[in-house]
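# Report on the structure
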Amino acid sequence: MKLFYPAVFEKEEDGRYFVYFPDIEGCNTQGDNIDQAYEMAFDALGLVLSHYKDNNIEIPTPSEPKSIELSDNQVVVIVQFDMLEYQKKHESRAVKKTLSIPSWLNEAAIEKNINFSQVLQEGLLNRINSNV
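Rules behind the numbers
- Residues numbered from 1 in each chain as written.
- Predicted model: local features only at pLDDT ≥ 70, side-chain atom pairs only at ≥ 80, totals over all residues.
- Heavy atoms only, no water.
- Pairing = 2+ DSSP bridges.
- Helix = DSSP H or I, 4+ residues; strand = E, 2+ residues; numbered from the N terminus.
- Axes fitted to C-alpha atoms, helices over the stretch in contact; angles between N-to-C directions.
- Contact = heavy atoms within 4.5 Å.
- Buried < 20%, exposed > 50% of the residue type's maximum accessible area, 1.4 Å probe, protein only.
- Patch = residues over 30% accessible without salt bridge, like charges linked within 9 Å, V, L, I, M, F, W, Y side chains within 5 Å.
- Areas by Shrake-Rupley, 256 points an atom, 1.4 Å probe, with all protein chains shown as cover.
- Salt bridge = Lys/Arg side-chain N within 4 Å of Asp/Glu carboxyl O.
- Polar contact = N/O pair within 3.5 Å; in protein donor to acceptor, adjacent residues only side chain to side chain.

Okay, the sheet that holds strand E3 (residues 28-31) next. One open sheet holds the four strands; their spatial order is E3-E2-E1-E4, and the pairing between them is antiparallel. Single-partner strands in this sheet number two, and they are E3 and strand E4 (74-82). Ignoring strand direction, the axes of neighbouring strands in this sheet form an average angle of 30°. Sheet strands touched by helix H1 (residues 34-54): strand E1 (2-11), strand E2 (17-20), E3 and E4. Its angle to E4, the strand with the most contacts, is close to 50°.

In structure tokens, the structure reads:
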């Protein structure tokens, strides 16, 4: 699920950038330069949206960038966020699953030294990526 949120980047007197998301209360960060500020904004957005998802809190609808009022030292930057990619990067803990397969298939796979977990993960990723 890809989301596009407008973030307000405010250049401070010392050259650093303060960043906040008008649609997500309390979601703000900063960076020493614009590149670092963008990376920090992505991480801050990921933390908040993951918290929302884990706690069944409704994820806010992004505003239209044109509707955001800015001061002279502010600019709107769109931050693209992909929940699945963020989870892949930050939530790699293993979860045990039990499944059943025919005994003949189990024996054939063992003979070929097939890693069941790897095959299941690859199959699930293929299915997820094909949107089936």
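Don't stop here, the text continues.
Glycine aside, a negative phi is what most residues show, and trans is what most peptide bonds show. Phi is positive for Asn56, which is not a glycine, with a value near 55°. Position of Asn56 among the secondary structure elements: in the loop between H1 and E4. Residue class for Asn56 comes out exposed when judged on its relative accessible area of 73%. Residues other than glycine seldom take positive phi values, yet Asn113 does so here, at roughly 55°.

Together, Leu99, Ile101, Trp104, Leu105, Ile110, Phe116, Leu120, Leu124, Leu125 and Ile128 make up a nonpolar patch on the protein surface, roughly 930 Å² of accessible area in all. Mapped by element, the contributors of at least two residues to the nonpolar patch are helix H3 (103-111) and helix H4 (116-129). In terms of residues, the nonpolar patch owes the most to one element, H4, which gives five residues. Tracing the sequence through the fold places Trp104 in helix H3.

Here Gln74 lies in strand E4. A relative accessible area of 14% means that Gln74 is categorised as buried. Looking at Gln74, its side chain comes within polar contact range of the main-chain nitrogen of Ser71, at 2.9 Å. The residues touching Gln74, leaving out its near neighbours within four places in the chain, are Val8, Phe9, Glu10, Tyr20 and Glu69.

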